[in-house]
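Structural overview for review
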Amino acid sequence: MIELFNVTKQYKNGTSALSNINVQISKGDFVFLVGPSGAGKSTFIKLLLKEIEPTEGRITIDDIDTTNLSKRKIPMLRRKIGFVFQDFRLLQNKTVFENVAFAMEIIEASPKEIRRQVPTILSMVALSDKANMYPEQLSGGEQQRVSIARAIVNNPAVLIADEPTGNLDPETAWEIMKLIKQINRRGTTVVMATHAKEIVDMMQQRVIALEGGRIVRDDKKGVYGYED
Amino acid sequence: MAMKIRTVSYMIRQGFKGLWRNRMMTFASIGSVASALIILGIVFMIILNINSLAETAKGQFDSIQLYLKDDLDQKKIDEIGKTVNKIDGIESVYYISKAEALQDLKKQWGEHGYLLEGLEVNPLPNSYVLKLKDIKYSEQVVDQVKNVSGLEEVKYYKDIVDKLLRITHFIRMTGMIVIGILIGISMFIISNTIKITVAARYREINIMKYVGATNWFVRWPFLIEGMILGFAGSVIALAVIGYSYKNIFDLITEKMYVMVSAYMIPTPLLVNNLAVIFLVLGTGIGALGSIFSMRKFLKV
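Rules used in this analysis
Residues numbered from 1 in each chain as written. Chains lettered and ligands numbered in written order. Predicted model: local features only at pLDDT ≥ 70, side-chain atom pairs only at ≥ 80, totals over all residues. UniProt positions renumbered as here; feature names shortened; annotations may be inferred. Helix = DSSP H or I, 4+ residues; strand = E, 2+ residues; numbered from the N terminus. Buried ≥ 20, exposed ≤ 12 C-beta atoms within 10 Å, placed from the backbone. Contact = placed C-beta atoms within 7 Å. Nonpolar A, V, L, I, M, F, W, Y, C, P; charged D, E, K, R; others polar. Pairing = 2+ DSSP bridges. Axes fitted to C-alpha atoms, helices over the stretch in contact; angles between N-to-C directions. Arc of directions from axis to C-beta. Core = buried A, V, L, I, M, F, W, Y, C linked by C-beta atoms within 7 Å. Parallel < 35°, antiparallel > 145°, perpendicular 65-115°, else oblique. Left-handed = near helix turned anticlockwise from the far one by under 90°. pLDDT = per-residue confidence, 0-100.

Going by the annotation in an unreviewed UniProt entry, the name recorded for chain B is Cell division protein FtsX, with Geosporobacter subterraneus DSM 17957 given as the source organism. Chain B has a UniProt comment under Function (unreviewed entry) that states "Part of the ABC transporter FtsEX involved in asymmetric cellular division facilitating the initiation of sporulation." The annotation that UniProt attaches to chain B under Sequence similarities (unreviewed entry) is "Belongs to the ABC-4 integral membrane protein family. FtsX subfamily."

Chain A carries the name Cell division ATP-binding protein FtsE in an unreviewed UniProt entry, which gives Geosporobacter subterraneus DSM 17957 as its organism. Among the UniProt annotations of chain A, the heading Function (unreviewed entry) holds the following wording: "Part of the ABC transporter FtsEX involved in cellular division."

Okay, here's the thing in structure tokens:
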């Protein structure tokens, strides 16, 4: 599903963010990406989204070699990927329904498809009754659920989450994790960067630990392994 | 890049929304673009009129006269005619005999023409008049004509022509520079306005890009916004210029004819030309301005 071959990323200012990374993530995998700040997690995620280019090596996603993908095809790649941010990134002037529908409008889905798909997804994230509310009227956990709904509404093959629980209290964080796990069970590959030790330890999923731009650990059923 | 009709209508709605959201900026920039285009229109009006004046003037000076020596026989005269006919840059050649030249002169002198009746010998030479394709060929034609034997004198309006060419060239160049600067200014104004809308919607654009919107999907609403700004500005400018020009025209074109024997370019002709230029320019400036203002926001 996702493969990185000898990937190295060196930024223009000379900092080496990733060196010689090799990772294979199969379809349906659930992977935690852990490591101290500056270990290369963000770079890893940015590479997957093709926000930045690797200095060396090759990345394939869903059998597409993204390294040689032209700029024009980046949107097509991103439509295969759902992305969840730490800060939710909802549009404040749109309702919950509209925020989710927005993702479908962008890929030019028909109003009929939108009317069918959005309520389905909202019920999945248990927000059907808040469809007409605005983000500021919702709690943090609810906002993150909206953003997850938006990420999966177009049925992406991969869900990438960057610290999705970083702004939430532990209880709410668990709700979100349950939801993400549920999405994973439906067959969506999940890659999640996180600092949440408890969550990683409890979930017992594959853990890839980065340090200084190198993979220092890749365990099938890993733990967080840092004391921060 | 086939776009669905629904998407097109979405883009247009978004474009108008952007304009309405920053209505103060919208009016300010339409006004600024209109002012820039009005100045541009004035420059343009001046250039066009001077051009047409120059063309009229050139038409009066675009011939060369060859005065023939008096002792040539008809055969030699015909031969000269044939020779000069072959020179490049000449549109037509016609012959004026001594007798015809005298007739013309009499006509020109009008009521004093009787004075010429007393002449015993016709003092005027036979001559050829070479009509040039364009005034710019005059030097080159004169150079070649000088080699032809049997000519008394070659006469053409070198000084006037040179001056005329230089002046029109200067005015055209200055005009172009002024127009260029004004286009730049208008583009800057529009791109600044768009930048405000774009910045206000930065999050939205960012999210759009992450969800997989193409650059053009993001760009179109802003492009439409810019084009509407430019279009509105050019319509206002056109109205102002058209109205003013008509009044100026009514006021001075007759006087101008008396002074320089050329009319101003008629209002409808000028306004039609200007309409095309303004609309293309205004909308184009708007489109380019918004593309410039968006560049950095699309880099996600």
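Broken down by element type, chain A carries seven helices and ten strands. Among the 228 residues that make up chain A, the fraction classed as buried is 42%. Pairs at least 24 residues apart make up 67% of the contacts formed inside chain A by residues separated by at least 6 positions.

So, on to the interface of chain B and chain A. Taken together, the 14 residues of chain B in the interface contact twelve residues of chain A. Breaking the side of chain B that touches chain A down by element, the ones donating at least two residues are helix 1 (5–21) and helix 7 (202–211) of chain B. No other element matches helix 7 of chain B, which puts six residues into the side of chain B that touches chain A. When the residues that make up the side of chain B that touches chain A are grouped by side-chain class, the tally is eight nonpolar, three polar and three charged.

On to the sheet that holds strand 5 (residues 64–65) of chain A, then. Residue and element names in this part refer to chain A. The strand order 2-1-4-5 describes an open sheet built from four strands, whose pairing is antiparallel. This sheet does not close on itself; its edge strands, each paired only once, are strand 2 (16–25) and strand 5. Alignment of strand 4 (residues 56–61) against strand 5, held across two bridges, turns out to be antiparallel. Considered in strand 5, the bridge of I61 is made with I64. Sheet contacts for helix 1 (residues 41–48): strand 1 (2–10), strand 2 and strand 4; angle to strand 1, the most-contacted strand, approximately 120°.

A separate point is unusual backbone geometry. Residues and elements named next belong to chain A. A positive phi angle is found at N6, which is not glycine, with a value near 45°. Residue placement: N6 occurs in strand 1. Of the residues examined, N6 has 12 C-beta atoms within 10 Å and is grouped as exposed. A positive phi angle is found at N155, which is not glycine, with a value near 55°. Among the secondary structure elements, N155 is positioned in the loop between helix 5 (140–152) and strand 7 (158–162). Look at N155 and you get partly exposed, because 13 C-beta atoms sit within 10 Å.

The subject of this paragraph is helix 1 of chain A. Residues and elements named next belong to chain A. Within helix 1, the full set of buried residues consists of K41, T43, F44, L47 and L48. Along helix 1, the residues classed as buried sweep out an arc of 165° about the axis, all on the same side. Downstream of helix 1 by a residue or two, K50 has a phi angle that is positive, lying close to 55°.

Counting 111 residues, the largest nonpolar core has L33(A), V100(A), A149(A) and L159(A) as its most contacted members. When neighbours within four sequence positions are excluded, L159(A) is seen to be in contact with G82(A), V84(A), A151(A), I152(A), I183(A), T188(A) and V190(A).

Before going further, it helps to spend a moment on the packing of helix 2 (residues 23–61) of chain B against helix 9 (residues 267–294) of chain B. Residues and elements named next belong to chain B. It is the contact of helix 2 with helix 9, at a shortest axis distance of 11 Å, that shows an interaxial angle of 140°. As far as their axial angle goes, helix 9 and helix 2 are oblique. The interaxial crossing formed by helix 2 with helix 9 has right-handed handedness. Contacts from V33, L37, G41, F44, M45 and L48 in helix 2 reach L270, L274, F278 and G282 in helix 9.

Okay, the confidence of the model for chain B next. Confidence in the prediction for chain B averages 83 pLDDT; 98% of positions are at 70 or higher. Under the prediction, the complex receives an ipTM of 0.82, its pTM being 0.67.

Our focus in this paragraph is the UniProt feature "transmembrane region" (unreviewed entry) in chain B. Residues and elements named next belong to chain B. Sites flagged by UniProt as "transmembrane region" (unreviewed entry) map to residues 27–48, 176–200, 220–241 and 271–292. Taken end to end, residues 220–241 comprises 100% helix and 0% strand; its first and last C-alpha atoms sit 31 Å apart. For residues 271–292, helix accounts for 100% and strand for 0%, while the C-alpha atoms at its two ends are 30 Å apart.

The subject of this paragraph is the sheet that holds strand 1 (residues 63–68) of chain B. All names here are of chain B. If you walk across this open sheet you meet the four strands as 2-3-1-4, and the pairing is antiparallel. The sheet is open, and its two borders are formed by strand 2 (90–96) and strand 4 (151–155), each paired with just one other strand. For this sheet, the mean inter-axis angle between neighbouring strands, taken without regard to orientation, is 20°. Examined bridge by bridge, strand 1 and strand 3 (residues 127–132) share five bridges and lie antiparallel to one another. Across the sheet, the residue bridging to S63 is K131, located in strand 3.

It is worth spelling out the environment of Y95(B) at this point. Relative to the helices and strands, Y95(B) resides in strand 2. C-alpha of Y95(B) to C-alpha of L130(B): the two residues are 35 residues apart in sequence and 9.0 Å apart in space.

All names here are of chain A. Running from N to C, helix 5 and helix 6 (residues 170–185) cross one another at 15°; their axes reach a closest spacing of 9 Å. As judged from the angle between their axes, helix 5 and helix 6 are roughly parallel. At the point where helix 5 passes helix 6, the crossing takes the right-handed sense. Each of G140, G141, Q144, R145, I148 and I152 in helix 5 lies in contact with helix 6, whose residues at this interface are T172, E175, I176, L179 and I183.

Moving on to the environment of T8(A). Residue and element names in this part refer to chain A. Structurally, T8 can be placed in strand 1. Separated by 50 residues in sequence, T8 and R58 have C-alpha atoms that sit 9.1 Å apart. The residues contacting T8, other than those within four sequence positions of it, are L18, S19, N20, P54, T55, E56 and G57.

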